[in-house]
Amino acid sequence: MAVNAASVIRGPGELALMVVEVTKLIFTRPFQFREFLEQAWFVTSVTLMPTILVSIPFGAVISLQVGSLTGQLGAQSFAGATAVLATVREAAPMAAAMIIAGAAGSAICSDLGARKIREEIDAMEVLGINPLERLVAPRVVATMFVAVMINGIVITTGIGGGYFFTVIVQDGSAGAFLSSFTALASLPDLYIAMIKAALFGWLAAIVGSYKGLNAGGGPSGVGRAVNESVIVAFMLLFFLNAVITAIYFQVVPPVGL
């Protein structure tokens, strides 16, 4: 029983230690800028198309649901404001989080896991090269950067889709949709969405790197590590989103009508 308890505690403890070490290495010089550029391009290549395909239905579903609800409540003029608010505050960061964790995090995990079972990581350590500094830190920064860009794409596409479905499909007023943007939403909502996206990218990349560096058992072990990284990243991202949202509403009260 003691062994089971130790194994349960060891994983989160090692992950927390890796979070601290990688965060410190991000601000340590020299930074692997070339590796950062390569990984930023790689993460963009695996996440750009899923982002575009996911953001359109996100905007459509939110606009249709919000438009129907505001119509029932007799507040059709605020359909645009509520759709934008829901997209900026929650839908866009969570869509970015799911894409980053599902596509980028799993790709990072499989890449580092393959290096681990080929003993490349052990060879780097023998040569005195820190894998966290050389491989993990640039991937974490690249994922954070791409996550912020993806968040912007989802917000833009979501708002465009919301305009289309509210004004064209549901016969709403274009003037009311555009003029109600600032009724409920504000610039701090955009700022917190970008901060959320960056933190989600940071966490997903670290989880994927941790699982990849600890993969074992051949190719099947790498596959298990990839599955575990996606599951753990989703759980942590939803928890982190709830914490950030709760803190945000305490610091920045909702805008009144």
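Residues numbered from 1 in each chain as written. Predicted model: local features only at pLDDT ≥ 70, side-chain atom pairs only at ≥ 80, totals over all residues. Heavy atoms only, no water.

(A) Region of the structure containing the UniProt feature "transmembrane region" (unreviewed entry) in the protein. Taking the numbering used here, the UniProt-annotated feature "transmembrane region" (unreviewed entry) corresponds to residues 40–62, 94–114, 140–170, 190–210 and 230–251. With 100% helix and 0% strand, the stretch residues 190–210 has end C-alpha atoms that lie 30 Å from each other. Between the first and last C-alpha atoms of residues 230–251 the distance is 31 Å; the span itself is 100% helix and 0% strand. (UniProt positions renumbered as here; feature names shortened; annotations may be inferred. Helix = DSSP H or I, 4+ residues; strand = E, 2+ residues; numbered from the N terminus.)

(B) Inspection of the layout of surface pockets at higher detail. Approximately 220 Å³ is the volume found for the largest pocket. Taken together, 13 residues make up the lining of the largest pocket; nearest its centre are Met18, Leu132, Tyr210, Leu213 and Asn214. Every element with two or more residues in the lining of the largest pocket is listed here: α1 (2–26), α4 (120–126), α5 (131–169) and α8 (187–213). Of the residues contributing to the lining of the largest pocket, the split by class is 7 nonpolar, 2 polar and 4 charged. (1 Å grid on protein atoms, 1.4 Å probe; cavity = no way out; pocket = protein on both sides within 12 Å on 5 of 7 lines; lining within 4 Å. Points joined across faces, edges and corners; volume = space filled by probe spheres on them. Nonpolar A, V, L, I, M, F, W, Y, C, P; charged D, E, K, R; others polar.)

(C) Here's a closer look at empty space enclosed by the protein. Taken as a whole and assessed by the stated rule, the structure comprises 1 cavity of 30 Å³ or more. Here the largest cavity is characterised by a volume of approximately 40 Å³. Taken together, Arg89, Glu90, Ile192, Lys196, Thr245, Tyr248 and Phe249 make up the full set of residues lining the largest cavity. For the lining of the largest cavity, the secondary structure elements donating two or more residues are α3 (79–117), α8 and α9 (219–251). Counting residues per element, the lining of the largest cavity draws most heavily on α9, which supplies 3 residues.

(D) Representation of the packing of aromatic side chains in the model. A full pass over the atoms with the stated rule returns 2 aromatic pairs. Their ring planes at 35° and their centres at 5.7 Å tell us that Phe33 and Phe36 sit as a pair that is tilted. With Phe33 and Phe36 both in helix α2 (residues 33–73), this residue pair falls 3 residues apart, about one helical turn. By relative accessible area, Phe33 is classed as exposed at 51%. Judged by relative accessible area, which is 12%, Phe36 ranks as buried. Ring geometry for Phe36 against Phe145: centres 6.3 Å apart, planes inclined by 70°, an arrangement best described as edge-to-face. With Phe36 in helix α2 and Phe145 in helix α5, the pair connects residues that are 109 residues apart, well separated along the chain. Residue Phe145 is classed as partly exposed on the basis of its relative accessible area, which comes to 43%. Among the aromatic residues, those joined into a ring-pair cluster are Phe33, Phe36 and Phe145. (Phe/Tyr/Trp six-rings, centres within 6.5 Å; stacked < 30°, edge-to-face > 60°. Buried < 20%, exposed > 50% of the residue type's maximum accessible area, 1.4 Å probe, protein only.)

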